[in-house]
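Here's the letter readout for the chains.
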Amino acid sequence: MRLLLRFMGWVFAGGTIIFLVGVTATAGLLWHFSKELPDYSQLQDYEPAVMTRVHASDGSLLAEYARERRLYIPIQAVPKLVINAFIAAEDKNFYEHGGIDFSGIARALLAYVQNYGSGRRPQGASTITQQVAKNFLLTNELSWTRKIKEALLAMKIETTFSKEKILELYLNEIYLGIGAYGVAAASLLYFDKSVHELTVPEAAYLAALPKGPNNYHPFRRRDDAIARRNYVIDRMVEDRLLTAALGEQAKKDPLKVTQRPTGAHIFAAEYFAEEVRRYVNDNYTEKKLYEGGLSVRTTLDPKLQVQARKSLIDGLVKFDENQGYRGAITKIETIGDWGAKLAEVKALSDIAPWRQAVVLDVADQSARIGFQPGRDPSGTVVRDREIGNVTLEGVKWAKAVFGPTKGRVPTKVSQVLEAGDVVYVDPIAGKDGQFRLRQVPEISGAIVAMEPLTGRVLAMVGGFSYDQSQFNRATQALRQPGSSFKPLVYAAALDNGYTPSTVVMDAPLEIDTGSGVWKPENYEGKFYGPSTLRFGIERSRNVMTVRLAQDIGMPMIGEYAKRMGIYDNLPPYLSFALGAGETTLMRMVGAYAMFDNGGKKVQPSLIDRIQDRYGRTVYKHDQRDCRGCNAPKWDNQPEPTLVDRRERVLDPMTAYQITSMMEGVVQRGTAAGAAISKDLGKPIAGKTGTTNDEKDVWFIGYSPDLVVGVFMGYDKPRHIADRATGGALAAPIFKDFMKVALADKPAVPFRVPAGIKLIRVSSRTGMRSAAGEGGVILEAFKPGTAPPDNYSIVGVNDAEGRPLVATTPDGADRMTRPGTGGLW
């Protein structure tokens with residue numbers, strides 16, 4: 001008995017020593033690891049990388065930019081259904097434990113013993129709090145050291161933060177596959193819906209993903225994904241977070257994933273979205289763009305954007321098809337699996353409804369074509385290969401560009417297509433299964449639509465296809481504006497004492513440049529003698545413009561060009577008065593907006609405002625001061641007023657005079673052939689532009705509330721075509737767009753500023769009209785000016801160097817060579 005007692009004493013003493021040593025060792029380990037723990041207090045000020053979202057003016061989503069596609073939402077905004085799904089899947093005792101779930105650890109140890117030696121990854125026992133500690137403060141290293149640190153941090157986090165805060169951190173940080181971080185972004189990317197719209201099976205699927213998103217991919221591992229989703233649903237039922245009936249119904253639902261697109265979300269807005277991205281990146285840093293959670297409200301009008309693209313594409317394609325058919329994109333073998341071979345040929349993704357097809361066989365009256373099989377994001381075929389026909393009607397335009405049949409209209413489909421040709425086709429409306437042959441145009445162009453009062457860009461298309469070329473021809477292409485620059489020269493003259501009835505000589509001119517003689521020419525090679533400024537701009541007279549530039553001086557024209565944003569530093573050479581300098585379509589449209597708005601400075605902008613992640617406005621385009629807008633209440637005070645402090649770059653009377661003259665361009669000048677005024681039935685002013693050798697063609701026009709510019713030309717400038725002009729090619733695109741843009745707008749005339757006098761004059765001479773005289777127009781004159789009784793002709797001097805005077809003694813509606821009576 002004594003020996004037993006002594007033995008028990010030794011056992012007790014030994015156990016006590018071992019216990020004390022264990023406690024000491026454990027305390028030492030805990031102290032050791034506690035020293036190396038990261039500062040968990042940083043979670044209080046956690047600012048995750050959040051995606052920047054860009055919206056159109058109507059609030060529709062335009063684009064998203066992020067390295068981690070995340071939308072941070074407070075826990076109060078997360079539906080209970082979603083919270084329950086994640087708790088059931090990841091940590092059913094979340095609301096009971098203090099950071100470590102000991103029952104979960106026991107289950108994991110049992111599973112580890114059972115699977116020992118199998119090579120399988122050990123089952124995790126981490127709580128949601130431990131996952132927060134790992135995801136935010138530690139690494140994914142598989143080691144006991146990391147697990148100990150994770151457990152210690154979890155306990156400290158539990159004592160510092162509420163359960164709701166821990167859940168908020170977890171549900172916004174967790175990676176859920178396909179680039180989605182957090183439940184809000186995953187809801188959009190997997191199901192294209194808000195987190196509040198998720199159904200039970202959808203919420204359960206998202207909750208299934210933290211264990212390994214790639215293991216439960218909705219396309220590549222669909223069966224595993226459904227099994228894991230159903231497991232989560234069962235756990236929800238078991239934990240009484242869902243009724244059994246709802247759980248059974250949810251498990252029967254198929255896994256329907258609708259992945260959200262990652263490019264521009266508004267059709268045809270790729271160039272616009274990229275321009276906005278570039279601006280934010282340049283002005284707010286790349287980090288802010290991709291991680292800062294900015295909210296960008298743009299000026300884009302989706303309806304006008306779609307129409308702008310359609311009008312431009314139709315114009316480019318029409319011109320290109322008139323030049324003939326250049327042949328197939330490439331050729332492939334049609335024997336065997338031609339669908340796989342066709343899939344290897346890259347197709348443009350943004351030119352719907354055009355589709356890429358291969359010609360399978362050809363007859364005289366039609367060709368049979370095949371389309372690539374439809375596939376889902378995993379690459380699985382979901383639609384069999386489709387077959388269609390290209391009829392003779394669909395190739396009528398395809399005149400040969402080369403060979404003995406060059407220029408001839410085809411009479412057989414076999415003259416155009418061969419088996420194996422890879423081509424683009426377009427479905428013919430109302431004829432099921434029939435298609436029209438198409439080809440990607442070589443010529444390119446751009447279109448910009450802008451509000452004249454604010455400079456807000458409502459629509460912009462920078463080329464035929466963004467997928468083909470990301471180069472934006474509206475903002476990046478430096479091209480010669482040609483005659484579309486002339487209104488600025490005439491505006492500078494009108495602003496400095498000239499009138500629309502001032503006469504300038506339109507006759508041959510030689511200028512000594514110091515290195516030779518320059519002889520400017522008119523487009524048609526004709527001269528009209530003494531002519532009014534109005535006639536000069538309506539008929540786009542080059543020689544008149546050069547004489548006018550000589551008279552007022554190129555330095556003055558350069559100053560106006562700088563004020564109106566066309567050029568930063570215009571060289572003082574007379575050829576630049578004819579638009580020989582290079583600028584962009586965006587700059588030109590901005591300048592015309594100043595003609596339209598009465599001479600107020602505008603800065604073209606694609607962005608209305610930018611807000612940071614907290615909703616604070618960090619940029620606002622409209623800088624007008626609203627006096628009285630912040631009154632705390634209505635107390636019969638005066639109505640709020642907007643104070644516009646923008647610079648005035650042009651006299652409003654001058655702006656109206658040049659607008660009136662450009663109305664003449666549209667009605668009877670170089671743009672008259674497009675019948676813009678007749679077809680639109682609205683007041684329109686504008687100017688054509690055609691450069692030397694017809695390398696660039698322009699038309700910029702406007703109504704009282706909308707400015708639109710169109711440019712066409714090859715990316716590597718070359719001759720477009722004989723007699724290619726802005727009036728023939730660009731103006732019809734403008735008209736096509738304006739038909740839609742102004743369809744629901746009333747026919748409001750241009751605003752006449754106070755002080756302007758409208759006087760009836762002869763449209764040819766500019767002199768006051770006589771009773772019953774034909775060809776009469778209302779001309780705008782500033783106070784102190786009036787139609788002349790005789791003419792001081794700019795560009796012609798007498799023997800003493802004084803301006804020569806021309807008269808019309810017979811009262812005829814013409815001008816005569818002084819002293820001879822001979823007509824010019």
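As shown above, the structure is provided for reference.
Keep in mind the model is a prediction, meaning the values are calculated, not measured.

(A) Local environment of the environment of Q415. Within the secondary structure, Q415 is located in the loop between strand 11 (387-391) and strand 12 (421-427). Reaching out from Q415, the side chain makes a polar contact with the backbone nitrogen of T411 at a distance of 2.8 Å.

(B) Inspection of the sheet that holds strand 24 (residues 685-690) at higher detail. Pairing within the open sheet is antiparallel, and its 5 strands lie in the order 15-14-26-25-24. Single-partner strands in this sheet number two, and they are strand 15 (457-461) and strand 24. Adjacent strand axes in the sheet meet at a mean angle of 5° when their direction is disregarded. As judged from the 7 bridges shared by strand 14 (residues 444-450) and strand 26 (residues 706-713), these two strands associate in the antiparallel manner. By the bridge assignment for strand 26, G445 is matched with M712. Running over the sheet, helix 21 (residues 726-741) touches strand 14, strand 24, strand 25 (696-703) and strand 26 and is turned about 35° from strand 25.

(C) Highlighting the packing of aromatic side chains. With the rule as written, the count across this model stands at 21 aromatic pairs. Residues W698 and F711 carry aromatic rings whose centres are separated by 5.3 Å and whose planes lie at 55° to one another, so their mutual orientation is tilted. Taken together, the residues span a long stretch of sequence, with W698 in strand 25 and F711 in strand 26 at a distance of 13 residues. Accessibility assignment for this pair places W698 and F711 in one class, buried. The interplanar angle of 85° and the centroid separation of 5.7 Å between the aromatic rings of Y702 and F750 together place this pair among those described as edge-to-face.

(D) Examining helix 11 (residues 270-291) more closely. With 22 residues, helix 11 extends just 21 Å between its outermost C-alpha atoms, more than 12% less than the 32 Å of an ideal straight helix rising 1.5 Å per residue. A bend of about 120° at Y284 is the largest found in helix 11. All of the buried residues in helix 11 are E270, Y271, F272, A273, E274, E275, V276, R277, V280, L289 and Y290. Tucked into the core, helix 11 has its buried residues touching strand 1 (52-55), strand 2 (61-65), strand 5 (295-298), helix 12 (302-323), strand 15 and strand 20 (607-611).

(E) Here's a closer look at the pairing of strand 11. Both strand 8 (residues 366-371) and strand 11 contribute to a ladder of 5 bridges, which runs antiparallel. Each residue of the ladder has a partner; that of A367, found in strand 11, is V390. For strand 11 and strand 13 (residues 434-438), the ladder comprises 2 bridges, and the chain directions are parallel. What sits directly across from V390, in strand 13, is F435.

What counts and what doesn't
- Residues numbered from 1 in each chain as written.
- Predicted model: local features only at pLDDT ≥ 70, side-chain atom pairs only at ≥ 80, totals over all residues.
- Heavy atoms only, no water.
- Helix = DSSP H or I, 4+ residues; strand = E, 2+ residues; numbered from the N terminus.
- Polar contact = N/O pair within 3.5 Å; in protein donor to acceptor, adjacent residues only side chain to side chain.
- Pairing = 2+ DSSP bridges.
- Axes fitted to C-alpha atoms, helices over the stretch in contact; angles between N-to-C directions.
- Contact = heavy atoms within 4.5 Å.
- Phe/Tyr/Trp six-rings, centres within 6.5 Å; stacked < 30°, edge-to-face > 60°.
- Buried < 20%, exposed > 50% of the residue type's maximum accessible area, 1.4 Å probe, protein only.
- Expected span 1.5 Å × (residues − 1).
- Bend = angle between axes of the 7 residues up to and from the residue.

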